[in-house]
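This is what each chain is made of:
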Amino acid sequence: MITRLYQWTLRLAQSPNALWALAIVAFIESSVFPIPPDILMIPLIIARPREAFKIAGIATVASVLGGMLGYWIGFGAFETIGRPVLEFYGKDAYFDEFAVTYNEYGAWAVLIAGVTPFPYKVITILSGTTHLSLPVFVAASIVARSLRFFIVATLLWKFGEPIRVFIERRLGLIFTLLIVIFIGGFYAVKFI
């Protein structure tokens, strides 16, 4: 099934509607869809290397807009569904404490989820639920998604097909390790 899906994306990457499909996938992945846009973006850039940065730009814009939909879902659905459940169990005060803590570090959460394999949609919805500042959310999303998509585009543009396997298997891990090192370095400087 995975092979067929990948072959389908390769064919879609060569179709005239490929960029629209990428935009749709990047948009809905940021709020509800489980499949990341990379599955379409990578073969699309391999098929059209001259358009690598245009493709990354489309993925970035669509992903940030989809993230805003996720934010809205969290913002709108929490009061009608989430809060009554918490009140029923007597945990609504705990959520308010969590929201304050989350909003202190929310930009970092958005940045980390935006570049690592952690599901970005979880953070977009959580950011809306906790009422993280919308400008902070949008700015962090733009930085994170740009980093993720433009690094992939640059690697594919520069090295082409040979780098594909590295990106598909290891780039998420490398992003995660870099974030861990960055956070570790931040704490080391702060507490040493």
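Each chain has its residues counted from 1, running along the sequence as written. Whole-chain, interface and lining totals are the exception, using all residues; otherwise, since this is a predicted model, local features are given only for residues with pLDDT of at least 70 and side-chain atom pairs are given and counted only at 80 or more. Hydrogens and water molecules were not included; the side-chain quantities draw on all heavy atoms of the structure.

Draft legend 1. How the structure looks around the packing of aromatic side chains. Stacked, tilted and edge-to-face are the three classes applied to pairs of Phe, Tyr and Trp rings, where Trp contributes its six-membered ring and a pair requires centres within 6.5 Å; stacked means planes under 30 degrees apart, edge-to-face means over 60, and tilted covers the rest. For the structure on display, the rule yields 5 aromatic pairs. Note on Tyr71 and Phe75: the rings are 6.3 Å apart at their centroids and 10° apart in plane angle, and the pair reads as stacked. Here Tyr71 and its partner Phe75 are both found in helix 4 (residues 52-88), 4 residues apart, which amounts to about one turn of the helix. Here the aromatic residues Phe53, Phe150 and Trp157 are joined through ring pairs into a cluster of three or more. Helix and strand definitions here come from DSSP, where helices need a minimum of 4 consecutive H or I residues and strands a minimum of 2 consecutive E residues; each element is numbered from the N-terminal end.

Draft legend 2. Focus on the packing of helix 5 (residues 92-115) against helix 7 (residues 134-159). Geometry is summarised by axes, namely lines fitted to C-alpha atoms with helices restricted to the contacting stretch, and by angles between N-to-C directions that run from 0 to 180 degrees. Helix 7 packs onto helix 5 with a crossing angle of 25° between their chain directions and a minimal axis gap of 8 Å. Judged by the inter-axis angle, helix 5 sits roughly parallel to helix 7. With respect to the hand of their crossing, helix 5 and helix 7 are arranged in right-handed fashion. Between helix 5 and helix 7, the contacting residues are Ala107, Val110, Leu111, Ala113, Gly114 and Val115 on the first element and Val136, Phe137, Ala140, Ser141, Val143, Ala144, Arg145, Leu147 and Arg148 on the second. Looking at the contact of helix 5 with helix 7, its residues break down into 11 nonpolar, 2 polar and 2 charged. Oblique is the label for any angle not covered by the other classes, which are roughly parallel (under 35 degrees), roughly antiparallel (over 145) and roughly perpendicular (65 to 115). Handedness of a crossing follows from how the near helix is turned relative to the far one, being left-handed for an anticlockwise turn of less than a right angle and right-handed for a clockwise one. Any two residues having at least one pair of non-hydrogen atoms within 4.5 Å are treated as being in contact. Note on residue categories: nonpolar means Ala, Val, Leu, Ile, Met, Phe, Trp, Tyr, Cys or Pro, charged means Asp, Glu, Lys or Arg, and polar means any other residue, Gly included.

Draft legend 3. Looking closely at the environment of Trp72. Topologically, Trp72 is positioned in helix 4. C-alpha of Trp72 to C-alpha of Ser127: the two residues are 55 residues apart in sequence and 9.0 Å apart in space.

Draft legend 4. Quick peek at the environment of Ala107. Following the sequence through the fold, Ala107 ends up in helix 5. Partly exposed describes any residue whose relative accessible area lies between the buried limit of under 20% and the exposed limit of over 50%, with all areas from a 1.4 Å probe on protein chains only and scaled to the type maximum. We classify Ala107 as partly exposed; its relative accessible area is 26%. Taking the C-alpha atoms as reference, Ala107 lies 9.9 Å from Ala144; in sequence the two are 37 residues apart. Residues contacting Ala107, with those up to four places away along its chain left out, are Val136 and Ala140.

Draft legend 5. Representation of the packing of helix 2 (residues 18-29) against helix 3 (residues 38-47) within the structure. Helix 3 packs onto helix 2 with a crossing angle of 155° between their chain directions and a minimal axis gap of 9 Å. Of the possible angle classes, the one that applies to helix 2 and helix 3 is roughly antiparallel. For the pair helix 2 and helix 3, the sense of crossing is left-handed. Facing Ala18, Leu19, Ala21 and Leu22 of helix 2, the residues of helix 3 in contact are Leu40, Met41 and Leu44. Taken together, the residues of the contact of helix 2 with helix 3 sort by class into 7 nonpolar, no polar and no charged.

Draft legend 6. Layout of the pattern of salt bridges. Only one rule defines a salt bridge in this text: a Lys or Arg side-chain nitrogen within 4 Å of an Asp or Glu carboxyl oxygen. Across all of its chains, the model carries 4 salt bridges by this definition. A salt bridge links Glu29 to Lys121; its shortest N-O distance comes to 3.6 Å. Residue Glu29 is located in helix 2, and its partner Lys121 is located in helix 6 (residues 120-129); the two are separated by 92 residues in the primary sequence. For the pair formed by Glu29 and Lys121, the shared burial category is buried. Here Glu51 and Arg48 are joined by a salt bridge, their closest N and O atoms 3.7 Å apart. In this structure Glu51 comes out as partly exposed when scored by relative accessible area, which is 28%. Under the relative-accessibility criterion, Arg48 is labelled buried at 19%.

These figures capture arrangement, not role.
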